[in-house]
Amino acid sequence: MRIGATYLGNDRCEFTVWAPLLQDVALQIAAPKPQLIPMQKEGRGYWTVTADDIPPGTLYSYQLEGTTTRPDPVSYCQPNGVHQPSQVIDQNAFSWTDFNWQGIPLEDYIIYELHVGTFTEKGTFEAIIDRLDDLKELGVNAIEIMPVAQFPGDRNWGYDGVYPFAVQNSYGGVNGLKTLVDACHQKGFAVIMDVVYNHLGPEGNYTANFAPYFTDKYRTPWGSALNFDDAYSEGVRNFFIENALYWFRDYHIDALRLDAIHAIYDFSAKHFLAELAEKTNEFSQQQGRSFYLIAESDLNDVRIINPPSKGGYGIDAQWCDDFHHSLHSLITKEDRGYYRDFREFRTLVKTLQEGFAYSGQYSEFRQRYHGSPAGDLDPAQFVVCCQNHDQVGNRMLGERLSQLVSFDALKLAAGIVLLSPYIPLLFMGEEYGEDAPFLYFISHSDPGLVEAVRQGRKAEFEEFHAVGKPPDAQDSATFEKSKLNWKKRREGKHQALLNLYRTLIKLRRQIPALKCRDRQSIEINSFEAEKIITLRRCSGNSQVLAIFNFSDREQTTQPVLPEGNWKKILDSSDPQWKGNGSTLPDKFDRSLTLTLPAQSFVLYQVE
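Predicted model, so just to flag it, every value in this text is computed and none were measured.

Analysis parameters
Residues numbered from 1 in each chain as written. Predicted model: local features only at pLDDT ≥ 70, side-chain atom pairs only at ≥ 80, totals over all residues. Heavy atoms only, no water. Domains from an automatic or database assignment. Axes fitted to C-alpha atoms, helices over the stretch in contact; angles between N-to-C directions. Helix = DSSP H or I, 4+ residues; strand = E, 2+ residues; numbered from the N terminus. Left-handed = near helix turned anticlockwise from the far one by under 90°. Contact = heavy atoms within 4.5 Å. Pairing = 2+ DSSP bridges. Expected span 1.5 Å × (residues − 1). Buried < 20%, exposed > 50% of the residue type's maximum accessible area, 1.4 Å probe, protein only. Phe/Tyr/Trp six-rings, centres within 6.5 Å; stacked < 30°, edge-to-face > 60°. Polar contact = N/O pair within 3.5 Å; in protein donor to acceptor, adjacent residues only side chain to side chain. Salt bridge = Lys/Arg side-chain N within 4 Å of Asp/Glu carboxyl O.

1. Quick word on the domain arrangement of the protein chain
When the domains of the protein chain are assigned, the result is domain 1 (4-88), domain 2 (109-320 + 381-446 + 476-501) and domain 3 (517-606). A separation of 63 Å is found between the C-alpha centroids of domain 1 and domain 3.

So, in structure tokens, the structure goes:
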């Protein structure tokens, strides 16, 4: 069911809003010509009216039960913020130039996650365009944008959005985002939009005035759960499915990252995610190219990404937190909070082999058994990283890895992520070792809500036994501190790290063995005492061997290899990467013993 204000041309517009329990809904035009237009109630609680003399830019709200006036829950634009009238948008007015764009296969994605407000000094969609050539030179080919649904004020991570269809006005609004996507496609980048289907923000959320969008059957970290399986849930499911199709259709978005799907509670015979995947596949078939869904999930449940033929929901891929947590704990030695489950070297080995480190074992942190086996799944169904917005920004001081580990460990983390068979994700600035924090920030107008956020953050950090006081999320200085320092990428070790990332990405895209994702072509061995992992990958005559030393000391190993002459093509200890000098030969055969410097990795290729 199409919802919202659909501009039909010639100053005609069709308005549709879901309000099944209300007895009277009217369209209230605020500008340019104030008027009140009655609406008709159709089937399943949808109210509609088609009105004339409604040009694009018209400001409107809905009058409910003759008393209360609220913006449209399906607003495409909130030009004056979350509490003011919505605006009619002509979605066909934009002149797209990406007619030949056919997308990129998901298995080939190299993702770069960014936050619009802090990626550049201006903090706009347009300003990102000026940095696309830098990202092209880096080698990434998919840009993941943190949520842009309209939120209160002009500073927010985006997860407090309350109008899922409206593009944040302070970033550049409707045309700003379309211009960015068009430019991305022209330069060969896919665009992933981070969307939030598990909750709505607390300020400006008027959906309860319209319909039972929420249910008290379940509780989430944000309060009552969105209603995906209770009475009247059909309208909520339609709302979010229409939202997904809206991003694909009207903004040419290539993929959606679904935030925290473990907080989407649905015991329907057909889970909402399964229905969403089904509708996305139908849209892909209609358009003649693939559109993708990538879930964030901490369930370690293969049903999320298994196809319907195996009883799964059919989501294309998911973030693999186990990979991040295992790697982070290993190189930082942190073991508080959820990191206590990843203190052992073997968890990183297992996640390299199978995807999930926890596939049914007992979790000390969760105090229950956790996960399901994933070893038979395609590696391209997992997105891995050594940093992302959550794992940096949810630290009390927002420290990036560059502030927690040695430079050698930064290079080691880059190597294991980019040489793994999984889809790699980089968090903005990671590629040159940005040392500015990425902090949590908001700009709410309700003082009570601001204080609640402050207290909530404080309580959250107690779980990790953090000492001190979190930076004030409401203070604009907290936001400013989180902006990237682009000039650093041309300085000293920052430049060396950037060049290493470029080289790793280039090798990943060019060497057939590194492009092959078949688990049968991947051999992983580990030596726990030495903290060494060997990763051999092959495709036809193409073979590579990566050796990672996670120890704080020099270690020796003798990898078991097939016959052949192995030539070194990258060594993180080389001076060009600001290393102390390599101890490894340029070439060797299968019988040679290799000695690796502490916290280093090397990549060999069969000649």
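2. Considerations on the packing of helix α7 (residues 321-332) against helix α8 (residues 345-354)
Two measures define how a pair of helices packs: the angle their axes make with one another and the distance between the axes. Viewed as axis vectors pointing N to C, α7 and α8 meet at an angle of 145°, and their least axial separation amounts to 9 Å. Where α7 crosses over α8, the two elements pack in a sense that is left-handed. When α7 is examined against α8, the residues D322, F323, S326, L327 and L330 are found in contact with a partner set consisting of F345, T347, L348, T351 and L352.

3. Some points on the sheet that holds strand β23 (residues 423-427)
Strand order in this closed barrel of eight strands is β10-β11-β14-β17-β18-β19-β22-β23, and the pairing throughout is parallel. Pairs of neighbouring strands in the sheet enclose a mean axial angle of 30°, with direction left out of account. As paired elements, strand β11 (residues 142-145) and strand β14 (residues 190-195) share four bridges and run parallel to each other. Its bridge partner lying in β14, I145 is registered against M193. Those strands touched by helix α5 (residues 233-251) are β14, β17 (255-258) and β18 (292-295), and its axis lies near 145° from that of β17.

4. Quick notes on α7
Look at α7: 16 Å from first C-alpha to last across twelve residues, which is about the 16 Å you get at 1.5 Å a residue. With twelve of twelve residues buried, α7 is to be regarded as a mostly interior element. For α7, the full list of buried residues reads D321, D322, F323, H324, H325, S326, L327, H328, S329, L330, I331 and T332. Looking at the buried positions of α7, the neighbouring elements they touch are β19 (317-319), α8, β22 (382-384), α9 (389-393) and α10 (407-418). Downstream of α7 by a residue or two, K333 has a phi angle that is positive, lying close to 70°.

5. Re the packing of aromatic side chains
Inspection of the entire model under this criterion finds 44 aromatic pairs. Where Y62 meets F210, the ring centres are 6.2 Å apart and the plane angle is 85°; that geometry is what we call edge-to-face. Taken together, the positions of Y62 in strand β7 (residues 59-64) and F210 in the loop between β14 and β15 (214-220) put the pair 148 residues apart, joining distant regions of the chain. Both residues of the pair, Y62 and F210, count as buried. A centroid spacing of 5.3 Å and a plane angle of 20° characterise the contact between Y218 and Y265, whose relative ring orientation is stacked.

6. What to know about the environment of R343
Structurally, the position occupied by R343 is in the loop between α7 and α8. Residue class for R343 comes out partly exposed when judged on its relative accessible area of 44%. Distance in space between the C-alpha atoms of R343 and S326 is 7.3 Å, their sequence separation being 17 residues. Residues in contact with R343, not counting those within four places in the same chain, are S329, D335 and E364. Within polar-contact distance, the side chain of R343 engages the backbone oxygen of R340 at 2.9 Å.

7. Description of the pattern of salt bridges
Taken as a whole and assessed by the stated rule, the structure comprises 33 salt bridges. The partner of E607 in a salt bridge is K587, with the nearest N and O atoms 3.3 Å apart. Pair noted here: E607 is in the segment after β31 (600-606) and K587 is in strand β29 (residues 587-588), with a separation of 20 residues, a long-range link. Salt bridges sharing common partners tie together D194, R257, D259 and E296.

8. Looking at the side chain of D266
Looking at the secondary structure, you find D266 in the loop between β17 and α6 (272-287). A polar contact of 2.6 Å, which involves the side chain of D266, links it to the side chain of S268. There is a polar contact of 2.6 Å between the side chain of D266 and the backbone nitrogen of F272.

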